[in-house]
Amino acid sequence: MIRDVFSQPHQAMVMLFFGLVGGLGHELLRFPRLRAGRVGAALWDLLALVLLQACLLSGLMLSTRGEVRLYGLVLFFGGMALVRWAFRPLFTEILQKIRKKLFPSR
């Protein structure tokens, strides 16, 4: 099979973009999960899993027409790791400030 190497940067950026979207969606769905009970947390986890699968499948279909490429998967999960590294501390800081406003210490 002949591969078009000139389309690989586009494929890589599409997979990175969908990794960032999936990671951001996962982080945003993490907050309601913290308040939910056991069944509610399981439903939030299921929703996050469906979101991540939709992002992965749509990224694969748009970038390589469904062909799984290793660099695409690495960039997808690298984008998720980048969101976890960069945005999670920001969300945690915002939540701590909100908590301090709602429940001030003496």
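For the structure itself, look to the data block above.
Residues numbered from 1 in each chain as written. Predicted model: local features only at pLDDT ≥ 70, side-chain atom pairs only at ≥ 80, totals over all residues. Heavy atoms only, no water.

Our next topic: the overall build of the protein. For the protein, the count of helices and strands is 4 helices and 0 strands. Tracing the protein from N to C terminus, the helices and strands come up as α-α-α-α. For the protein, with 106 residues in total, the buried portion stands at 28%. Within the protein, contacts between residues separated by at least 24 positions form 77% of all contacts whose residues are at least 6 apart in sequence. Carbon and sulfur atoms make up 70% of the accessible area of the protein, which totals about 7,900 Å². (Helix = DSSP H or I, 4+ residues; strand = E, 2+ residues; numbered from the N terminus. Buried < 20%, exposed > 50% of the residue type's maximum accessible area, 1.4 Å probe, protein only. Contact = heavy atoms within 4.5 Å. Areas by Shrake-Rupley, 256 points an atom, 1.4 Å probe, with all protein chains shown as cover.)

Grouped together as the largest cluster of nonpolar side chains are 9 residues: Val-14, Met-15, Phe-18, Leu-52, Cys-55, Leu-56, Leu-60, Phe-76 and Met-80. For this core, the secondary structure elements donating two or more residues are helix 1 (8-35), helix 2 (38-64) and helix 3 (70-86). Examining the composition of this core, we find that 4 residues originate from one element, helix 2, more than from any other. Residues contacting Met-15, with those up to four places away along its chain left out, are Leu-56, Gly-59, Leu-60, Ser-63, Gly-72, Leu-75 and Phe-76. (Core = buried A, V, L, I, M, F, W, Y, C linked by side-chain atoms within 4.5 Å.)

Attention now moves to the side chain of Glu-27. You can see Glu-27 is positioned in helix 1. Not counting residues within four places of it along the chain, the set of residues in contact with Glu-27 comprises Val-83, Arg-84, Arg-88 and Phe-91.

On their own, these measurements won't tell you what the molecule is for.
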